[in-house]
Amino acid sequence: MATEFRQYEQDTDVARFYRLNHEKQTFEFARSKANAYAQLNRGRRGVWETCLALDELVDESDPDTELSQLEHLLQTAEAARQDGRPDWFIAACLIHDLGKVLVSYGEPQWAVTGDTFPVGCPFSEEIVYPEFFSQNPDHGRYESETGVYEPGCGLNEVVMSFGHDEYMYQVARPYLPEAALYMIRFHSFYAWHQGGAYRFLMDAKDAEHLSSVQAFNQYDLYSKADKPPDVAALTPYYRELLDRFFPAMIAW
């Protein structure tokens, strides 16, 4: 099954997306965007309302589905529910991509979607399309493997390429357990949780939660199917689930 997903070719819209992403995601860009959006000053609204806002968004970086992001969220959460995962796990599956509302704020998709990776240190060959980093201003800037970081500093101290993962982590921090927050914050960090790269940055907490991110990944990736879920039928269950974890309105 794994070979059916994340198949990347050079002359595609996905490749063109990653060329822009890898050329423009620098340490300074990512740090400034993360700091700006961590202020959560984009207003207050409900979580389910935000899910519905993704009904028209299709992820340009994803070669595996043409469904809307709302449909992808429901497929992911339903797969976890069918496996009997705990409520907090299912809730994390449902909201993991809600940070893609950044597109509605005017951010381009290359700064919102796609795989994430550390900036401020050399780019790993485990990142998809690593050849595109040759045009990044940070390419070759860092002499040591760890760049601006200390070995074992922990991923919490690392600046990641900016996107929906980091933003949604900041939004969800007050409401979900730590394992769920790791799933949200690092689910697009494939070079780490699938490729085994950047282990030199990990601390004990990262090692503890790596398995949670890997467990989540099977639902995020392998639940994708062409048949869309029945949004109307699933709405009552997921509205009630979200009410267990989130107040009616939260800061974005």
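For the structure itself, look to the data block above.
Residues numbered from 1 in each chain as written. Predicted model: local features only at pLDDT ≥ 70, side-chain atom pairs only at ≥ 80, totals over all residues. Heavy atoms only, no water.

K.L.:
Mind showing me how you'd approach unusual backbone geometry here?
P.N.:
Most of the time, phi is negative for any residue but glycine, and the peptide bond is trans. We note that Leu40 has phi near 50°; this positive angle belongs to a residue other than glycine. The residue Leu40 is located in the loop between α2 (27-37) and β1 (44-45) in this model. The backbone of Tyr129 sits at a positive phi, close to 55°, despite the residue not being glycine. Tracing the backbone shows Tyr129 in the loop between α5 (87-95) and α6 (164-172). (Helix = DSSP H or I, 4+ residues; strand = E, 2+ residues; numbered from the N terminus.)

K.L.:
How should I be thinking about the packing of α5 against helix α7 (residues 178-186) in this particular structure?
P.N.:
In helix packing, the relevant descriptors are the interaxial angle and the interaxial distance, both defined with respect to the helix axes. Taken N-terminus to C-terminus, the directions of α5 and α7 make an angle of 20°; their axes are 10 Å apart at the nearest point. The angle between α5 and α7 places the two elements in the roughly parallel class. Crossing of α5 over α7 shows right-handed handedness. Of the residues in α7, those touching α5 at Trp88, Phe89, Ala92 and Ile95 are Ala179, Ala180, Met183 and Ile184. Partitioning the contact of α5 with α7 into residue classes produces 8 nonpolar, no polar and no charged. (Axes fitted to C-alpha atoms, helices over the stretch in contact; angles between N-to-C directions. Parallel < 35°, antiparallel > 145°, perpendicular 65-115°, else oblique. Left-handed = near helix turned anticlockwise from the far one by under 90°. Contact = heavy atoms within 4.5 Å. Nonpolar A, V, L, I, M, F, W, Y, C, P; charged D, E, K, R; others polar.)

K.L.:
I'm lost on the environment of Pro108 in this one. Help?
P.N.:
Relative to the elements of secondary structure, Pro108 occurs in the loop between α5 and α6. Overall, Pro108 belongs to the partly exposed group, its relative accessible area being 32%. Distance in space between the C-alpha atoms of Pro108 and Tyr219 is 26 Å, their sequence separation being 111 residues. (Buried < 20%, exposed > 50% of the residue type's maximum accessible area, 1.4 Å probe, protein only.)

K.L.:
Quick question: what am I supposed to make of the pattern of salt bridges here?
P.N.:
Should their charged atoms come close, side chains of opposite charge can pair. Across all of its chains, the model carries 10 salt bridges by this definition. Among the ionic pairs, Arg81 bridges to Glu78, the shortest N-O distance being 2.8 Å. Of this pair, Arg81 and Glu78 are both found in helix α4 (residues 69-82), 3 residues apart, which corresponds to roughly one turn of the helix. Of the residues examined, Arg81 reaches a relative accessible area of 30% and is grouped as partly exposed. Look at Glu78 and you get buried, because its relative accessible area is 15%. Residue Arg185 pairs with Glu166 through a salt bridge whose shortest N-O separation is 2.9 Å. One end of the pair, Arg185, is in helix α7; the other, Glu166, is in helix α6, with 19 residues separating them in the sequence. Of the two residues, Arg185 and Glu166, both sit in the buried class. Through salt bridges that share partners, Asp87, Glu240 and Arg244 make up one connected network. (Salt bridge = Lys/Arg side-chain N within 4 Å of Asp/Glu carboxyl O.)

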